[in-house]
Amino acid sequence: NDGTGHYVDVEIVALSLTGAQPIAVAAGDFDGVGGDDLAVSLHGAHAVQLVLNDGAALTLGPVIPLVGQFPVGIVVDDLDGGGQRNDIAVAMEGIDAPLDGVVAATGGVSLILDTDGVTGGTATALLKSTPFRRPRALALCERMTLAGLTRDLVVAEFGDGTGSQNVLFYQNDGSGNFSEAGPGLHLDLPVSPIDVVAGDLDANGLRNDLAVAVRHLGGTAQGEIFVLLNANSGSPVFDAASFVSGGSRTTTQLPFSLATGDLRNNSIHPGLLCREDVLTVFNESALFGQLLDYDCSVPDFLAEDECPTGTQPNTLRLGDLNGDGLPDMVVTNAGDDTVQVHLSKAFAFTQPFGQGCLGTSGVPVIGLQGSSIHGGVATITLDQARPNSGALLGIAASAGLQALGAGCNIYLGSPVLVQILSTDAMGTSSFSFSIPAPPSFSGGDLYFQWVIFDNQGAFQGQIAFSEALHLRIGL
């Protein structure tokens, strides 16, 4: 990648084993040098192959045998608190069978801690109180503890035909020892959960919420995407009781692979505005679907659409490929041996967030006239404020939250540029500025909030506040 999302050189690495059937990949750091290394799940070899990156070239690392058969989903991170992303968990499907019916198999999950780029590692089996039922997907949920950030494990069992206890929860003690949730403390979803991913759907700064894709089989050719919000981010316990329903969306196609991310980076932390997106591929329909701008206050997505892919899309992943700070999308298409890349663009938009607090004429209202497109003129407006009064417009490059009391908050991060203005006889005011065109200015984000001097203001009987406004300068 040349840094703009264009691939000057494409390197093809032949894996060590013929007929290994690579099916999934995850990035980690197994040699402590260079860029990200890769761990490749080998469905036909019941193993994981490491591909090492020293910063100059890719070389083959060891093949690590797994416990069980037919590995599928794979995740990599620092699971034992060692400070290096070299711990691997792999879902072992246990059977090589079509996905057009519920076929239960023993399967399991293999764990490899402290994986080494030279010697490999030793796989151990994750324990479960009852037999596994064809687990296909794993997710890692972040949880803050007194010792720091740890990552718990979630397992989706595709082979369940009962809709009972089919999304499994394993709590990490911080050292890579996982304890299964107690009886009845796994999650019940409709049959055949095919994928699970963790994301920050409530914008609290932790990727500890879940999106789960379910395939309704038996001729319906429909699916469903469930959102589960983690309501116990500070809890020392991780199980189904940690989550509350965040709604669901029915799909007219069968979902296969999921990804979560903030495609426009329009969520505002911590918890001020949640707008994460969930994407899926429909591998039998040559489509990918986008559930856009999840609003956790509703809770629901504000928009959705479908777009074409190649034949039999089977994997969808997000990452910033062109260095613009926005996640780009990669789809692998098994039916025509292609990889499809969609680069995001920083389009201009405006969105209010937070809440204002009362003044003489009600809650002051902030708005935008004009456009935040390159080369345009943007005007930040104020309405419904006390007439003929002093007003300040705060401008910042980041959002923040400072609670003042009486329901009043400052939503701007420091430093704050202040424009000293006043309202007219109608209680309005405005501030205009020109937006440079590229290449002198490439774009960015600005945050605004009005402060009005008002002897009936909610804050100490002296000040009223508008809500805040997020403005993206772009295309």
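The present account deals with the structure reproduced in this document. Because the structure is predicted, anything quoted here is derived from the model rather than measured.

### A short note on empty space enclosed by the protein
Under the defined criterion, the tally for this structure stands at 1 cavity of 30 Å³ or more. Within this model, the largest cavity holds a volume of roughly 30 Å³. In this structure, the largest cavity is lined by Ile225, Val227, Gly246, Gly247, Ser248, Arg249, Tyr294, Pro299, Asp300 and Phe301. Taken together, the elements giving at least two residues each to the lining of the largest cavity come down to strand S15 (222-230), strand S16 (243-251) and strand S20 (300-308). For the lining of the largest cavity, the element with the most residues is S16, which contributes 4 residues. Looking at side-chain class alone, the lining of the largest cavity contains 5 nonpolar, 3 polar and 2 charged residues.

### Observations regarding the pattern of salt bridges
Evaluation of the coordinates by the stated rule reveals 15 salt bridges. Residues Glu157 and Lys128 are paired through a salt bridge, measuring 3.8 Å at the closest nitrogen-oxygen approach. With Glu157 in strand S10 (residues 148-157) and Lys128 in the loop between strand S8 (124-125) and strand S9 (135-145), this pair connects stretches of sequence that are 29 residues apart. Taking the relative accessible area as the measure of exposure, Lys128 reaches 18% and is therefore buried. As a salt-bridge pair, Arg275 and Asp295 come within 3.6 Å of each other at their nearest N and O atoms.

### Regarding the environment of Thr162
Positionally, Thr162 belongs in the loop between S10 and strand S11 (167-172). Residue class for Thr162 comes out exposed when judged on its relative accessible area of 59%. Separated by 101 residues in sequence, Thr162 and Gly61 place their C-alpha atoms 41 Å apart.

### Some details on the state of the cysteines
All told, the structure shown has 2 disulfides when counted by the stated rule. There is a disulfide in this structure between Cys274 and Cys296, and the S-S distance comes to 1.9 Å. Between Cys274 and Cys296 the disulfide shows an S-S torsion of about -95 degrees. By sign, it is left-handed. Here Cys274 is found in the loop between strand S17 (257-261) and strand S18 (277-282), whereas its partner Cys296 is found in the loop between strand S19 (287-295) and S20, with 22 residues between them in sequence. Overall, Cys274 belongs to the buried group, its relative accessible area being 5%. What pairs with Cys357 in a disulfide is Cys408, and their sulfur atoms sit 2.2 Å apart. Measuring handedness by torsion sign, the sulfur bridge of Cys357 and Cys408 sits at about 110 degrees and is right-handed. Pair noted here: Cys357 is in the loop between strand S24 (349-353) and strand S25 (365-370) and Cys408 is in strand S29 (residues 408-412), with a separation of 51 residues, a long-range link.

### Examining the sheet that holds strand S3 (residues 47-53)
The 4 strands lie next to each other as S1-S2-S3-S4, forming an open sheet whose pairing is antiparallel. Each end of this open sheet is capped by a strand with a single partner; those strands are strand S1 (22-28) and strand S4 (58-65). In this sheet, adjacent strand axes meet at a mean angle of 25 degrees when their direction is disregarded. Relative to S4, S3 runs antiparallel, the two being bridged by 6 bridges. Across the sheet, residue Val48 finds its bridge partner in S4, namely Ile64.

### So, the packing of aromatic side chains
Counting across every chain of the model gives 9 aromatic pairs. Consider the rings of Phe459 and Phe465, whose centres lie 6.4 Å apart with planes at 65 degrees: the pair is edge-to-face. One exposure class covers both Phe459 and Phe465, and it is buried. Within the aromatic cluster, the residues linked to one another by ring pairs are Phe169, Phe238 and Phe243. Over the ring of Phe349 we find Arg264, and its NZ or CZ is 4.5 Å from the ring centre.

### A short note on a nonpolar patch on the surface
Together, Val339, Val341 and Leu343 make up a nonpolar patch on the protein surface, roughly 230 Å² of accessible area in all. Inspection of the secondary structure puts Val339 in strand S23 (residues 338-342).

The rules we used
- Residues numbered from 1 in each chain as written.
- Predicted model: local features only at pLDDT ≥ 70, side-chain atom pairs only at ≥ 80, totals over all residues.
- Heavy atoms only, no water.
- 1 Å grid on protein atoms, 1.4 Å probe; cavity = no way out; pocket = protein on both sides within 12 Å on 5 of 7 lines; lining within 4 Å.
- Points joined across faces, edges and corners; volume = space filled by probe spheres on them.
- Helix = DSSP H or I, 4+ residues; strand = E, 2+ residues; numbered from the N terminus.
- Nonpolar A, V, L, I, M, F, W, Y, C, P; charged D, E, K, R; others polar.
- Salt bridge = Lys/Arg side-chain N within 4 Å of Asp/Glu carboxyl O.
- Buried < 20%, exposed > 50% of the residue type's maximum accessible area, 1.4 Å probe, protein only.
- Disulfide = S-S within 2.5 Å.
- Pairing = 2+ DSSP bridges.
- Axes fitted to C-alpha atoms, helices over the stretch in contact; angles between N-to-C directions.
- Phe/Tyr/Trp six-rings, centres within 6.5 Å; stacked < 30°, edge-to-face > 60°.
- Lys NZ or Arg CZ within 6 Å of the ring centre and 35° of its normal.
- Patch = residues over 30% accessible without salt bridge, like charges linked within 9 Å, V, L, I, M, F, W, Y side chains within 5 Å.
- Areas by Shrake-Rupley, 256 points an atom, 1.4 Å probe, with all protein chains shown as cover.

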